[in-house]
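Spelled out from the first residue to the last, the chains are:
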Amino acid sequence: MSISPHLPVLPGHMDRGIALCGAGGIVTGAHLPAYRKCGFRVQGIFDLDHDKARAAAAAFDIPKVYESLNELLGDDSTDIVDIALPATENVVVVDAVGSAGKAMLIQKPLAEDYETAQRTVEIIDGHGVIAAVNQQMRWEPGVRMSHHLHKQGALGELFNLAFLVFVDTPWHMWEWIRRKSTIDVLYHSIHYIDSIRYLTGAEPVSLFCDGSSLPGYDAVGETRLNLLLTFPEQLRATVLTNHHASYGIEGQQAQFRVEGTNGLAVRTMGLLMNYPDGSPDIFRTYIGETWQSYEFAETWFPDAFVGTMASVMRALDGDIEHPETDVHDNLRTLRLVFAAYESMRTGNSVTLS
């Protein structure tokens, strides 16, 4: 069990067999370091690029390198398939994994359009397996602690959430994303949208979104964003991003604020500044007319990736009915993502039923 509210609740059975489908940078940089750190049992890996799979296996002491997806799915020692592939591949792989009766954790985004996301969830439901999306920012320590303080009542009634991200994103690391017509919302700010839903425990009634880029920048989709989410009563949430803040570390900011009638929680997300090396995280609260600083040993990457996998394992154990980022819940996040693109396309606010 967790010893601090900023940590995930671990499963009672830590020896579930995990097999990775995909051996890209997110796997070797976050999934596998997180699983090794907390003691999860990764027992196999597959990638169409066999050299990448073998390199990951060697680096993380993974005993099996599968030659095919069918070989992975035929392994009875695999309980959970961690799918870390481009979103365009998810629906086919999810069908195969579900047919094999395996639980799965799927890299976000679940799909690049809402209709495909719905079809993917229908396929999962048809197979009757446990499935979640790796929206791991919910387990970022500052997000988790802010949620805890809110649930305790320490912040009072929430009225303002703001994600303010002005960073120099090294787009050369994700050249394939730069060629997408949907960039920031679907592949970056989806984290903030999902975290806002988690932190508030509520769904917005409308949103407005404007996306743009740097003048003359060679990207197809949006790399700057201004998003407003309107909730009932006085609650509002804002996401403001600029991935071209190339003024050195002093000219960058990556912060979120959770404000209530009784207090404030402020998180500096060091990971996003000077990426991928990052800078120190900071978490501070102002409650009862007193500022307090918190020190967390854990960070967003890789530690938050423990939370999503632990949630799938706990659902398998029957400790919880569904994983926290269950695919059905993720459809609600994606509904907001694609409503944001509708707002960008029309220039109008979108009313959410």
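The coordinates are above.
Residues numbered from 1 in each chain as written. Predicted model: local features only at pLDDT ≥ 70, side-chain atom pairs only at ≥ 80, totals over all residues. Heavy atoms only, no water.

Burial analysis of strand E10 (residues 253–260) places six of its eight residues in the buried class, the great majority of the element. Of the pairings in the sheet, the one linking strand E6 (residues 158–166) to E10 comprises eight bridges and is antiparallel in character. Of the residues in E10, the one forming a bridge with Leu161 is Val258. As defined by bridge partners, E10 adjoins strand E11 (residues 263–268) across five bridges and the pair is classed as antiparallel. Bridge pairing in E11 places Glu259 opposite Leu264. The loop that links E10 with its antiparallel partner E11 comprises two residues. (Buried < 20%, exposed > 50% of the residue type's maximum accessible area, 1.4 Å probe, protein only. Helix = DSSP H or I, 4+ residues; strand = E, 2+ residues; numbered from the N terminus. Pairing = 2+ DSSP bridges.)

Going through the model one piece at a time under the given rule, you end up with 18 salt bridges. Ionic pairing is found between Arg178 and Glu175, a salt bridge with its closest N-O pair at 3.1 Å. Of this pair, Arg178 and Glu175 both sit in helix H7 (residues 175–178), three residues apart, which is roughly one turn of the helix. One salt-bridge network, held together by shared partners, links Arg138, Asp194, Arg197, Glu203, Asp329 and Arg335. (Salt bridge = Lys/Arg side-chain N within 4 Å of Asp/Glu carboxyl O.)

Taken in spatial order, the five strands line up as E2-E1-E3-E4-E5 in an open sheet, and their pairing is parallel. The open sheet has two free edges, formed respectively by strand E2 (41–46) and strand E5 (131–133), since each of these has just one partner strand. Sheet twist, expressed as the average angle between the axes of neighbouring strands with direction ignored, equals 20°. Pairing analysis gives four bridges linking strand E1 (residues 17–21) to strand E3 (residues 80–83), with the strands arranged parallel. From the neighbouring strand, Leu20 faces E3, where its bridge partner is Asp82. Packed onto the sheet, helix H4 (residues 90–99) meets E1, E3 and strand E4 (103–106) and runs at close to 160° relative to E4. (Axes fitted to C-alpha atoms, helices over the stretch in contact; angles between N-to-C directions. Contact = heavy atoms within 4.5 Å.)

Considering all chains together, one arrives at 12 aromatic pairs under this definition. Between Trp171 and Trp174, the ring centres sit 6.5 Å apart and the planes meet at 75°, which makes this aromatic pair edge-to-face. Classification of Trp171 by relative accessible area gives buried; the value is 8%. Aromatic rings pair up to connect Phe163, Tyr192 and Phe256 into one cluster. Residue placement shows Arg284 over the ring face of Trp291; its charged tip is 4.2 Å from the ring centre. (Phe/Tyr/Trp six-rings, centres within 6.5 Å; stacked < 30°, edge-to-face > 60°. Lys NZ or Arg CZ within 6 Å of the ring centre and 35° of its normal.)

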